[in-house]
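Geometric and topological summary
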Amino acid sequence: MLSLLRRSCPKLRFKPGYIFGYPGPITTGRQYAFSTATGLYGFDHLKTPKGFRRFVDDAIERSGELVAYISGMPSSAEIIRAMDEISNTVCSVIDSAELCRQTHPDREFVEEAIKASIRANEYLHYLNTNHTLYNAVIKAEQEGNLLTDEAHRVAHYLRLDFERSGIHLSAEKVDRVNRLSIEISQLCRQFNQNIVNDPGTVDIFPASHMPRNLHHLLKPIYRSTSVVSKDSWRPRGTMNEKGFRITTDPHTLSCVLQGAPNDEVRKMAYIKGNSVPHANLGVLDQLIASRHELAQIMGYRSYAEFTVKPNMASSPEVVMSFLLEMSKMVKPSADEEFKKIRDFKREKCGQQYGDLEPWDEAYYTAMMKSSAYDLDSSVVASYFPLPQCIKGLKVLVESLFGATFHSIPLAPGESWHPDVLKMSLHHPKEGDLGYLYLDLYSRKGKYPGCAHFAIKGGRMVSETEYQLPVVALVCNFSASHNSSTARLNHWELETLFHEFGHALHSLLSRTVYQHFSGTRVALDLAEAPSNLFEYYSWDYRVLKTFAKHYSTGESIPEKLVESMQGARKMFAATELQRQIFYAVIDQTFFGEQPTPPRSSIVADLKRQYTSWKHVDGTHWEARFNHLLNYGAGYYSYLYAKCFAATIWQKLCQEDPLSLTTGTALRTKFLQHGGAKEPSHLLSGLVGDGILRNFNGGMVPDISCLCNEMKLEKV
């Protein structure tokens, strides 16, 4: 459910600011406010697919000028500004190429974006191992008294990131690190492409096995069958028997597992959906091996240690201690929930069918929720037509931040699909704060999940002008089968608000340097705003402002919201346990090697950390793409869950839509991006007690989450 976060330009950790004293054009954020012809995302280069080539050429040329300027060892402030512009220039290419690759329907654009991404990433490896730049950054850091606090922080983290790129290694080892980095990028691209190419299918006969309310998700198919004479039992002809083909992409699979009464249908769909794409088994093995080799060359015991070291947690040992604490805390409640589901199945099916299988969970929990709270998912969805949900986003920014979202026309060539909307976030006193593209409907070949993509980070261009952030929010909502407008299930609304939390983090960021813009924060802080905004999708005071029935215009009834909230809590421990299991898998895959076969790791850890069986032959991890961008960092979702619970209870819960609440969120947290220490941001927002020191790292306080879920701390 949790959706996947796009952190821009993850390999180049130095990320730009305003520049004085060296030649060349400086781009401003204001280029997005015109209506004349342009290219994708407002970049003139991208009027045609081949424009990506010139986009890369110009970025390399401009970066070369800046490298030459830095080699002259100007002042420390100028070094940091120039480094930040290099990052801004190259990351604009990489971020635009990534968004294009994931969403553009024109295959030629996609192919050129892939080539551009590869070239730009190769250039990044050159920059990240450039000793001239490294020495300049060391000079700037050592002269820290000449810099602002934010600039000094940039210099410090630039040096660390150069060192994490292997600049201290021999030429031979640096070359190997670069080749591994390129290989890892290619493996990640292949992993995602395999998910799109091979979603898996299951054919179901007869058609009567599929309930009518799922037909709109399925493809009708036919097969020839013999018709047998009642008298002689001999074939007397053939007929076309109707069935359905289930495409086991995550969304369809979820609907089938939740809504198909036939046990065998659910079993077939579950096994197929958790066994594709088979090609990713080899890709994942290569990815694990390549990351482990890279980490060892860099002097770390594991890729997990390499990933976690710069974050709040500081070490895999701290992460695993936190996960074990969470696991012990949630296990009694999760076990009790498992027994309730098992008993419910036995009551419905008879004692002889009482074994609880993984394909039973979604079906019986949905039935139990419906029974306990008289919930009908189609009734809930009738209050969330997508245009009203977008209105909900507008309500949030107006109530919390005194800002408004204005729909603005897209310039010719700026959009990649007719469904794309563009909005400006406008403040009456401050003017435009940033721009947001919405690409919310599903279509063939599009990125299959929901994500926030940065296109441009915010930064100071001059003493009077700010480069405004530009982001895209990408989802995959399907139009209702009897309407051209999507009506969202509540979990889809929650996902929309989650991704919107990331978008706000970017749009409201006002860092001097692009290096720290928006979501460019410590990995285990990045998901906190998105998890916080999930709470807004559950609060009746928020929902009543926009959730209107698609035909009557009636506001969502408070009793219905109370039922939704009650149903949400019914199996919250099971869901939390599942997230802990995912995080442990992630730490184990990228932990110290060698390990047993991956399949046995998954089976053993599932038995250890959950009450549910592992089905032999399945390998859900083959499309768990959080292993890519969040390799050894998936625990950060659980950090964020704890942080968000504390922020909600201490700051937002009393009056979630007040301008006072929003002002605190913006001025004490969101606007700083990564420019301040995460611990200072969190404690500055809600006071002491939101996190604690542990074994050289920092872990969240779990008290508020325990209180929310009515769990006992261990």
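Residues numbered from 1 in each chain as written. Predicted model: local features only at pLDDT ≥ 70, side-chain atom pairs only at ≥ 80, totals over all residues. Heavy atoms only, no water.

Overview of the overall build of the protein chain
Looking only at helices and strands, the protein chain has 25 helices and 12 strands in total. Taken over C-alpha atoms, the radius of gyration comes to 26 Å for the protein chain, in line with the 27 Å a tight globule of 714 residues would show. Seen along its three principal axes, the alpha-carbon backbone of the protein chain occupies a region of about 95 × 55 × 55 Å. Counting only contacts in the protein chain whose residues sit at least 6 apart along the sequence, the fraction spanning at least 24 positions is 76%. Total accessible area on the protein chain is roughly 28300 Å²; 50% of this is exposed by carbon and sulfur atoms. Across the protein chain, the mean location of the 79 positive side-chain charges is 3 Å away from that of the 78 negative side-chain charges. (Helix = DSSP H or I, 4+ residues; strand = E, 2+ residues; numbered from the N terminus. Rg over C-alpha atoms; globule rule 2.2 N^0.38 Å. Contact = heavy atoms within 4.5 Å. Areas by Shrake-Rupley, 256 points an atom, 1.4 Å probe, with all protein chains shown as cover. Lys, Arg positive; Asp, Glu negative; His and termini not counted. Charge placed at Lys NZ, Arg CZ, Asp CG, Glu CD.)

Remarks on the pairing of strand 12 (residues 697–700)
In strand 12, alternate side chains face the same way, and those of G697 and V699 on one face and M698 and P700 on the other are all buried. Sheet analysis places strand 11 (residues 691–694) next to strand 12, joined by four bridges and oriented antiparallel. Residue pairing for strand 12: N693 is matched across the bridge by M698. Linking strand 11 back to strand 12 in an antiparallel pair, the connection comprises two residues, with N695 at a positive phi of about 50 degrees. (Buried < 20%, exposed > 50% of the residue type's maximum accessible area, 1.4 Å probe, protein only. Pairing = 2+ DSSP bridges.)

Quick look at the pattern of salt bridges
Working definition: two side chains of opposite charge can pair if their charged atoms are close together. This model, assessed by the stated rule, comprises 39 salt bridges. We note a salt bridge from D360 to K345, for which the minimum N-O separation is 2.7 Å. Pair noted here: D360 is in the loop between helix 11 (316–349) and helix 12 (361–373) and K345 is in helix 11, with a separation of 15 residues, a long-range link. As far as burial versus exposure is concerned, D360 and K345 are alike and both buried. Among the charged side chains, a salt-bridge network with shared partners connects D263, R266, K345 and D360. (Salt bridge = Lys/Arg side-chain N within 4 Å of Asp/Glu carboxyl O.)

Quick look at the sheet that holds strand 6 (residues 431–441)
A sheet is described by the order of its strands in space; here five strands give the open sequence 4-5-6-10-7, paired in mixed fashion. In this open sheet, the two strands that pair with only one neighbour each are strand 4 (404–407) and strand 7 (451–456). Strand after strand, the sheet turns through a mean of 30 degrees between neighbouring axes, direction not considered. With five bridges joining them, strand 7 and strand 10 (residues 470–477) adopt antiparallel strand pairing. (Axes fitted to C-alpha atoms, helices over the stretch in contact; angles between N-to-C directions.)

Some remarks on the packing of aromatic side chains
According to the stated counting rule, one finds 34 aromatic pairs in the structure shown. Ring geometry for Y123 and Y126: centres 5.5 Å apart, planes at 35 degrees, overall tilted. Of the two residues, Y123 and Y126 are both situated in helix 3 (residues 107–128); the distance of three residues between them amounts to about one turn of the helix. Using a relative accessible area of 11% as the deciding quantity, one classes Y123 as buried. Ring centres 6.2 Å apart and planes at 70 degrees place the aromatic pair F344 and Y364 in the edge-to-face group. Of the two residues, F344 is situated in helix 11 and Y364 in helix 12; the sequence distance between them amounts to 20 residues. Like Y364, F344 is buried. By the ring-pair criterion, three or more aromatic residues cluster together here, those being F581, Y582, W620, F624, Y630, Y634 and Y637. (Phe/Tyr/Trp six-rings, centres within 6.5 Å; stacked < 30°, edge-to-face > 60°.)

Some details on helix 22 (residues 635–652)
The end-to-end C-alpha distance of helix 22, which contains 18 residues, comes to 24 Å, matching closely the 26 Å that a straight helix rising 1.5 Å per residue would cover. Among the 18 residues of helix 22, 14 are classified as buried, and the element is accordingly described as predominantly covered. (Expected span 1.5 Å × (residues − 1).)

Quick word on the domain arrangement of the protein chain
Size of an interface, as often reported, equals the accessible area lost when the parts are brought together. Each assigned domain of the protein chain is listed with its residue range as follows: domain 1 (40–168), domain 2 (199–276) and domain 3 (388–515 + 538–546). Averaged C-alpha coordinates put domain 1 and domain 2 at centres separated by 51 Å. (Domains from an automatic or database assignment.)

Observations concerning the packing of helix 4 (residues 131–142) against helix 5 (residues 149–164)
Where helix 4 contacts helix 5, the axes come no closer than 9 Å and their chain directions differ by 145 degrees. The crossing of helix 4 and helix 5 is left-handed. Residues L133, Y134, V137, I138, A140 and E141 of helix 4 pack against H152, A155, H156, L158, R159, F162 and E163 of helix 5. (Left-handed = near helix turned anticlockwise from the far one by under 90°.)

So, the nonpolar core
Ranked by size, the top nonpolar core spans 138 residues in total, and within it M326, F384, L436, F500, Y536, L576 and I647 carry the most contacts. In terms of residue count, helix 22 provides more of this core than any other element does, 12 residues in total. In this view, L576 contacts M326, M329, V330, L638, K641, L705, M709 and L711; residues no more than four positions away in its chain are not counted. Within the second largest apolar cluster, 60 residues are counted, among which are V67, A140, Y435 and Y513. (Core = buried A, V, L, I, M, F, W, Y, C linked by side-chain atoms within 4.5 Å.)

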